[in-house]
Amino acid sequence: PGGGGASDFALRSYGRGSSEWRGIRQQLDNRCFVVGAEYTISAKFRLLNPSTGEGEVCDTNVQYNNGERTQCPSVVVYGWQCQGGDVYWRFWNQIPEFDWSKDSFND
C-alpha cells in the first residue's frame, strides 16, 4: 500500500547491502524543465525493519548522514552539465516540530 495519496502506490528500496547511499533514482529529461521556473519536490517515507517488517523510528533532528543510521530519509537532487557546473543538493524534512511516525508514511 502507498502513502494514501491520489494514486495509492509505493516504491520499495531493499537489499541495499552495506551502502547507505543506494535508494530510488528517477532521471528526468532536462528538456522538460523551463529555465527560471520553480519546482516543488514532495515525497512520503516510511522506514521498515528488514527482519520484522515493523516500522522504524528515526531522529528528525539529525540532518546529516551520521553513520549511526538514526537519520531520517532525505531527497537528493543531482544536476549534470548545468550552467556553472554540476550541482548536488540534499534536502531534509524542514517541517517545524515534526515527529516521525514509525507506523505510517511521513512527509
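Here the structure is a predicted model, which means the values were calculated and not measured.

## Things to note about the overall build of the protein
At step 1: Summing up its helical and strand segments, the protein has zero helices and two strands in all.
At step 2: In the protein, of all internal contacts separated by at least 6 residues, the share reaching a separation of at least 24 is 44%.
At step 3: When the accessible area of the protein is evaluated, it comes to approximately 9200 Å², of which 50% is carbon and sulfur surface.

## Brief notes about a nonpolar patch on the surface
At step 1: Together, L28, F33, V34 and Y39 make up a nonpolar patch on the protein surface, roughly 410 Å² of accessible area in all.
At step 2: Mapping L28 onto the fold places it in the segment before β1 (75–79).

## Points about the environment of W92
At step 1: Structurally, W92 is set in the segment after β2 (87–91).
At step 2: The sequence separation of W92 and T60 amounts to 32 residues, and the corresponding C-alpha distance is 8.5 Å.
At step 3: Here Q63 takes part through its backbone oxygen, which lies 3.2 Å from a polar atom of the side chain of W92.

## What about unusual backbone geometry?
At step 1: Phi at Q81 is positive, roughly 55°, even though this residue is not glycine.
At step 2: Relative to the elements of secondary structure, Q81 occurs in the loop between β1 and β2.
At step 3: Although it is not a glycine, E97 sits at a positive phi angle of roughly 60°.
At step 4: With respect to the element layout, E97 can be found in the segment after β2.
At step 5: Residue class for E97 comes out exposed when judged on its relative accessible area of 80%.

Cut-offs applied
Residues numbered from 1 in each chain as written. Predicted model: local features only at pLDDT ≥ 70, side-chain atom pairs only at ≥ 80, totals over all residues. Heavy atoms only, no water. Helix = DSSP H or I, 4+ residues; strand = E, 2+ residues; numbered from the N terminus. Contact = heavy atoms within 4.5 Å. Areas by Shrake-Rupley, 256 points an atom, 1.4 Å probe, with all protein chains shown as cover. Patch = residues over 30% accessible without salt bridge, like charges linked within 9 Å, V, L, I, M, F, W, Y side chains within 5 Å. Salt bridge = Lys/Arg side-chain N within 4 Å of Asp/Glu carboxyl O. Polar contact = N/O pair within 3.5 Å; in protein donor to acceptor, adjacent residues only side chain to side chain. Buried < 20%, exposed > 50% of the residue type's maximum accessible area, 1.4 Å probe, protein only.

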